Protein chains: 2
Amino acid sequence: MKPRASGCCHAHDAELPDLTEKLRRNSRKITGPRQAILAAMRNHPRPLLIKEIHGLLGKRDCDLVTVYRSIDLLRRMGMVRRIEFGKGGSRYELIPEGDSEHHHHLVCEACGRVLQIDECLLLDAERIIEKASGFRAVTHRLEFFGLCPDCQG
Amino acid sequence: MKPRASGCCHAHDAELPDLTEKLRRNSRKITGPRQAILAAMRNHPRPLLIKEIHGLLGKRDCDLVTVYRSIDLLRRMGMVRRIEFGKGGSRYELIPEGDSEHHHHLVCEACGRVLQIDECLLLDAERIIEKASGFRAVTHRLEFFGLCPDCQG
DNA sequence: GCCTCAGATGCAAATGATTTGCAAAACCAG
DNA sequence: CTGGTTTTGCAAATCATTTGCATCTGAGGC
Ligand SMILES: [Mn+2]
Ligand SMILES: [Mn+2]
Ligand SMILES: [Zn+2]
Ligand SMILES: [Zn+2]
């Protein structure tokens, strides 16, 4: 379990979701806003607020509502995942192509810095909970919070 | 790790937070709405939405805004904790008197049923993450989601 | 019991995040 | 190119939560 700067490992383009192909396959259109949003998320690999994504776009690239709609489409197509830090709206991050793993985050409650925690200890827990409760398709949502070195004291 | 119906164990009154005393100690007033809210939460021991709490009160017991303000006071006084299921607003549940443990929940994504999971496997994880990241005062937020027996198939 | 006033409440309105309606604009298959 | 479908922008609606303010009330003190 080694936390690391969120998204510090720049995935190759090949590992990133192929917008064009996926859109075509669903008879959706390849548009400027969608490309710009994906590009912005590639360049800022950490969970971003809709407002932040919009801010990263050349202000006049597209409307805030279009960011909402595009992110939702990307999410339904499995290219983006939604993350909740519990304050100030949902956040979204890219899902690397062919990524079957998930990860968690360690968020500084003072400055908002985010580290990524790759190892998940809860897959066993999910199976155990399924057996004990009779639930199926059990998943989990887990985030860690604390004070980063710069924000202590 | 044995999930169980959320709040199925009715704590004795003695184990529940003592509103009167705690309010007095902070020079806050013992009012009808506050007593009614606490009573409603006692009778429905699971994470409730503000709207649900308000609904449980005799409609004209108090204003929705008062529920917000009262719950926030109770939370700041350590009698109530906030829980996020990620949809439709924050939820709140009573903290039994002298309770130093926390627990997690298993939520049915179809019907909303909630089981409580008493064991937490992440306290060690917090310590390990602190050592590995340099963060301090690390806490976590964890919920499980799935389909309860009645909602499968 | 009555006074007094900090603390509480109701109601209206403000905020902030997200969604929806709709007409105009952009894609792209043919 | 053209036509028809998908997208987008803009305004307005929704939802959850907060804030402002005038009015009300619980509870200590007389
Ligand atoms: Mn991440
Ligand atoms: Mn609970
Ligand atoms: Zn996990
Ligand atoms: Zn825990």
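Predicted, not measured: the structure shown is a model, and the values here were computed from it.

Cut-offs applied
- Residues numbered from 1 in each chain as written.
- Chains lettered and ligands numbered in written order.
- Predicted model: local features only at pLDDT ≥ 70, side-chain atom pairs only at ≥ 80, totals over all residues.
- Heavy atoms only, no water.
- Pairing = 2+ DSSP bridges.
- Helix = DSSP H or I, 4+ residues; strand = E, 2+ residues; numbered from the N terminus.
- Contact = heavy atoms within 4.5 Å.
- Axes fitted to C-alpha atoms, helices over the stretch in contact; angles between N-to-C directions.
- Core = buried A, V, L, I, M, F, W, Y, C linked by side-chain atoms within 4.5 Å.
- Buried < 20%, exposed > 50% of the residue type's maximum accessible area, 1.4 Å probe, protein only.
- Donors = N, O, S within 2.8 Å, 3.2 Å for Na, K, Ca; no water.
- Tetrahedral: all angles 85-135°; square planar, octahedral: opposite > 155°, others 65-115°.

### Some remarks on the sheet that holds strand β3 (residues 80–83) of chain B
Residue and element names in this part refer to chain B. The strand order across the open sheet built from three strands is β2-β4-β3, with neighbouring strands paired in antiparallel fashion. The open sheet is flanked by β2 (48–49) and β3, the only strands paired with a single partner. Pairing of β2 with strand β4 (residues 91–94), which is carried by two bridges, proceeds in the antiparallel orientation. Paired with L49 across the two strands is R91, which belongs to β4. Taken strand by strand, helix α2 (residues 32–43) contacts β2, β3 and β4, and its axis lies near 85° from that of β4. Set on the sheet, helix α4 (residues 64–76) makes contact with β3 and β4; between it and β3 the angle comes to about 110°.

### Some words on the nonpolar core
In globular proteins that are soluble, nonpolar side chains generally tend to be buried together. Ranked by size, the top nonpolar core spans 26 residues in total, and within it L106(A), L122(A), F144(A), L106(B), L122(B) and F144(B) carry the most contacts. Taken together, the elements giving at least two residues each to this core come down to β5 (104–108), β6 (114–117), α5 (123–133) and β7 (136–147) of chain A together with β5 (104–108), β6 (114–117), α5 (123–133) and β7 (136–147) of chain B. Not counting residues within four places of it along the chain, the set of residues in contact with L106(A) comprises R113(A), V114(A), L115(A), I117(A), F144(A), F145(A), G146(A), I129(B), S133(B), F135(B) and V138(B).

### Structural notes on the coordination of the zinc ion (ligand 3)
All names here are of chain A. Protein coordination at the zinc ion (ligand 3) comes from H102 (NE2), H104 (NE2), C120 (SG) and H140 (NE2), with a distance range of 1.9 to 2.2 Å. Around the zinc ion (ligand 3), the four donor atoms are arranged such that angles at the metal cover 102 to 116°; this shape is classified as tetrahedral. Site description for the zinc ion (ligand 3): donor spacing in sequence, H-x1-H-x15-C-x19-H. With C120 in the loop between β6 and α5 and H140 in strand β7, this pair connects stretches of sequence that are 20 residues apart. No difference in accessibility class separates C120 from H140, as the two residues are buried.

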